[in-house]
Amino acid sequence: MQRDTLQITPLGAGQEVGRSCCVLRCRGKTVVCDVGIHPAHQGITSLPFVDELDWSTVDAILVTHFHLDHAGALTYITEKTNFKEGKGKVYMTHSTKILHKFMMQDYLRTSASADALFTSEDVSASLSSIIAVSVHDRVSLCAGVSFVPYHAGHVLGACMFLVDIAGLKILYTGDYSRAEDRHLVSAEVPPVRPNVLIVESTFGVQTLEHGQDKERRLTALVRTIVGRGGHVLLPVFALGTVQELLLILDEYWTDHPELHNVPIYYASSLARKCMAVYQTQIHAMNKTIRSRFARRDSPFVFKHVTSISRARGWERKLAEGPPCVVLATPAFMQVGASRELLELLAPDPRNGIIITGFSVEGTMARDIQTEPEEIASSKGTPIPRKLSVDYIPFSAHVDYSQNAEFIELVDADHVVLVHGEQNTMNRLCTAMKARYKNKGKDINIHTPRNLEQLELSFSQDYVAKAVGALAAQYLQEGDAISGLLFSKNDTRMLLDPQDLHPFTGLSACTLKQRQTIAVATGGDLVRWHLEGMFGTVSERFGRDGRLTLRIMDVVDIRHTSEHEMTLEWESSPSNDMIADSTIALIASVDQSPASLQLTALSTPCAHPHATTPNDWRLQRRRVVWFLEAHFGQVTLDAGADAGQDATPNLTIRFDEAIVYIDADRVAVACVNEILKHRVEAVIGMAISTTCSLTDLFVTGAPVPAS
């Protein structure tokens, strides 16, 4: 079992709608979902909190769909941050990539030069780095990290991402819709249960109209406004909702010949350019659209809709002309054609505006829904508001019932709400807790603010399949088994080293390390220091006749020249540790005070333990000294029948208790358990203190047996 921690940090869309940007961190991997801008702000203030992340550490950016509040900051991040200094990639679906290009070009065209975050050259450079993926295809980002896109509805090409980081699964929905409309499929429920669901909360606990009811209300309202001699303004996004509205209105006009003299215009050069994309991305739409195209009946060739000419002064000419219906961008009416038309149509009570999508706080689309007596023009002058204001949500988002049902179907361990205003999100959180409580269940639901780091911990059981020689062993529950653990994607195998190549195609190899170090002293002095550290230092002569010293049966040391020594060893964690300590010791020999004293002597010095390795009789005497220091007199008893070389047993009388020690096995026996453990601890301390490292770890000095 392993415990993993997932860190989720919203850089945008945390208790707000706009600039969606969610950072996922786990096991040293970083994945960013969406990089949008805020539609109510301009310039640098519209960006997510990009300075809070080192973008060179990002392994992938996943973009759910082409709307600016989810993808508008992508060019800035790829071209104006250090993202390209790392190895990260950008992924989105094929349809999203195509439409994202048009959206960014239109964004540049409508942005004021002073607020421009990047240039058209930056947009082109950013587009070249995007990798297009297909829905349901598994994409591996790097070792242990992958994702699968699933249909999200909402707009053409929109997807949700099921991200897998080392077995931890996170479903990020982006904006999604569970209702199949006239041209898009509804959002899917992935077949895999995720650990975490990060889901939008745009409409909170609201219940929206669906299907034919809202279509009938829209067409009836449009007919009423044009019937009183007014103009109908429908502010829309260039892509997504506008295509759905055009399909509805064109069909209604076809069924009602009396309306054929009332023109329908859509005032968006972007929508006109993108209509060709819609006619080529049929595979991403629902069965109804695909079957119509199969019959060579393109629903996007409209019979009663005209793209209006954007000649100078066209807005005033249209506003002063006969009744008509006009769909104009942008939906939030901050700038552009929809804002200009609103200012011209507002004073006439015959006219009407119909808001068809969710409006972000701080935008004109949100403000006008309060039906103020006046609105401010783009120049700041007041304009009387007499036109009617209505709201019919065609926004392809889930409402409360759809969102709650989806959350229950996904059944994640944790639910994280994003893309919702603070009060809306909190109401949804409260409603979901009550819903689960009524069913006798619990729900872990979170509502992080921007820059709030949400840390979620998970315990994961990893299962490995024994194969080859290990699988042939007869094992019972509780038996220990050892082998090589091989992991690839989500598959783990435990195997014997001899089975490595047959089952994995890999070959085992031994890494031999060699390091040369400069020395300023003689070999005898180096050997003396090595014996002081490690105990016995064995020696042999190599093929070249040079003396080789061997440390702990691991590291070979040769004097390759007068002032140079070469160390060789087979690499492993323990062997590398011994080699590192040997190198550190040799490097400090000439600076040791002991070296200065030894070089002043005329006779060579040696360590006693270097010539009498692993002499248990000597060690026994040292153990006896330790025992006597702690417990008093120790009696040696060889027994009446013991030979001359027999190892005597030891007896300790402490107060009224007697302790017997088998010197061969270093086994302690005593009826007093507390005293027994004290004696064992003293013997262990004596052996570890008086034995060399070689005796302890190579030749095997005896240790107390429990």
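In the block above lies the structure referred to throughout.
Just so we're clear, the structure is a prediction, and the values are computed from it rather than from any experiment.

Caption draft 1: Representation of the sheet that holds strand E23 (residues 465-466) in the model. Read across the sheet, three strands follow the order E23-E25-E24 without closing on themselves; strand pairing throughout is mixed. A strand with exactly one partner marks an edge of an open sheet, and here the two such strands are E23 and strand E24 (484-488).

Caption draft 2: Representation of unusual backbone geometry in the model. Here the residue pair Thr 329 and Pro 330 is connected by a cis peptide bond, since its omega of 0° sits within 30 degrees of zero. Mapped onto the fold, Pro 330 is located in the loop between strand E15 (325-328) and helix H10 (336-345). In this structure, His 136 takes a positive phi of about 80° despite not being glycine. Looking at the element boundaries, His 136 is found in the loop between strand E6 (130-133) and strand E7 (139-142). Assessed through its relative accessible area of 43%, His 136 is described here as partly exposed. At His 154, a position not held by glycine, the phi torsion is positive, near 65°.

Caption draft 3: Looking closely at the packing of helix H12 (residues 400-410) against helix H13 (residues 422-438). At a closest axis distance of 11 Å, the pairing of H12 and H13 adopts a crossing angle of 55°. By the angle between their directions, the pair H12 and H13 is classed as oblique. Along this stretch, H12 crosses H13, giving a crossing that reads as right-handed. Mapping the contact onto sequence places Tyr 400, Asn 403, Ala 404, Glu 405, Ile 407 and Glu 408 in H12 and Leu 428, Ala 431, Met 432, Arg 435 and Tyr 436 in H13. Its residues assigned to classes, the contact of H12 with H13 comprises seven nonpolar, one polar and three charged.

Caption draft 4: Inspection of the packing of aromatic side chains at higher detail. Counting across every chain of the model gives six aromatic pairs. Plain terms: the ring middles of Tyr 91 and Phe 147 are 5.2 Å apart, the flat faces sit at 65° to each other, and that makes the pair edge-to-face. Of this pair, Tyr 91 sits in strand E5 (residues 89-93) while Phe 147 is found in strand E8 (residues 145-151), placing the two residues 56 residues apart along the sequence. The buried category is assigned to Tyr 91, whose relative accessible area is 7%. The class for Phe 147 is buried, based on a relative accessible area of 0%.

Caption draft 5: Just the nonpolar core, in detail. Of all hydrophobic cores here, the largest spans 72 residues; its most connected members are Leu 218, Trp 253, Val 325, Leu 327, Ile 354 and Met 432. Here this core takes eight residues from helix H6 (residues 241-255), the largest share from any one element.

Caption draft 6: Representation of the side chain of Thr 560. Inspection of the secondary structure assignment puts Thr 560 in strand E29 (residues 555-561). One polar contact links Thr 560 to Glu 564, side chain to side chain, over a distance of 3.1 Å. Side chain to side chain, Thr 560 and Thr 566 meet in a polar contact 3.4 Å long. Apart from residues no more than four positions distant in its own chain, Thr 560 is found in contact with Arg 546, Met 565 and Thr 566.

Definitions and limits used
- Residues numbered from 1 in each chain as written.
- Predicted model: local features only at pLDDT ≥ 70, side-chain atom pairs only at ≥ 80, totals over all residues.
- Heavy atoms only, no water.
- Pairing = 2+ DSSP bridges.
- Helix = DSSP H or I, 4+ residues; strand = E, 2+ residues; numbered from the N terminus.
- Buried < 20%, exposed > 50% of the residue type's maximum accessible area, 1.4 Å probe, protein only.
- Axes fitted to C-alpha atoms, helices over the stretch in contact; angles between N-to-C directions.
- Parallel < 35°, antiparallel > 145°, perpendicular 65-115°, else oblique.
- Left-handed = near helix turned anticlockwise from the far one by under 90°.
- Contact = heavy atoms within 4.5 Å.
- Nonpolar A, V, L, I, M, F, W, Y, C, P; charged D, E, K, R; others polar.
- Phe/Tyr/Trp six-rings, centres within 6.5 Å; stacked < 30°, edge-to-face > 60°.
- Core = buried A, V, L, I, M, F, W, Y, C linked by side-chain atoms within 4.5 Å.
- Polar contact = N/O pair within 3.5 Å; in protein donor to acceptor, adjacent residues only side chain to side chain.

Don't take any of this as a statement about function, it's just geometry.
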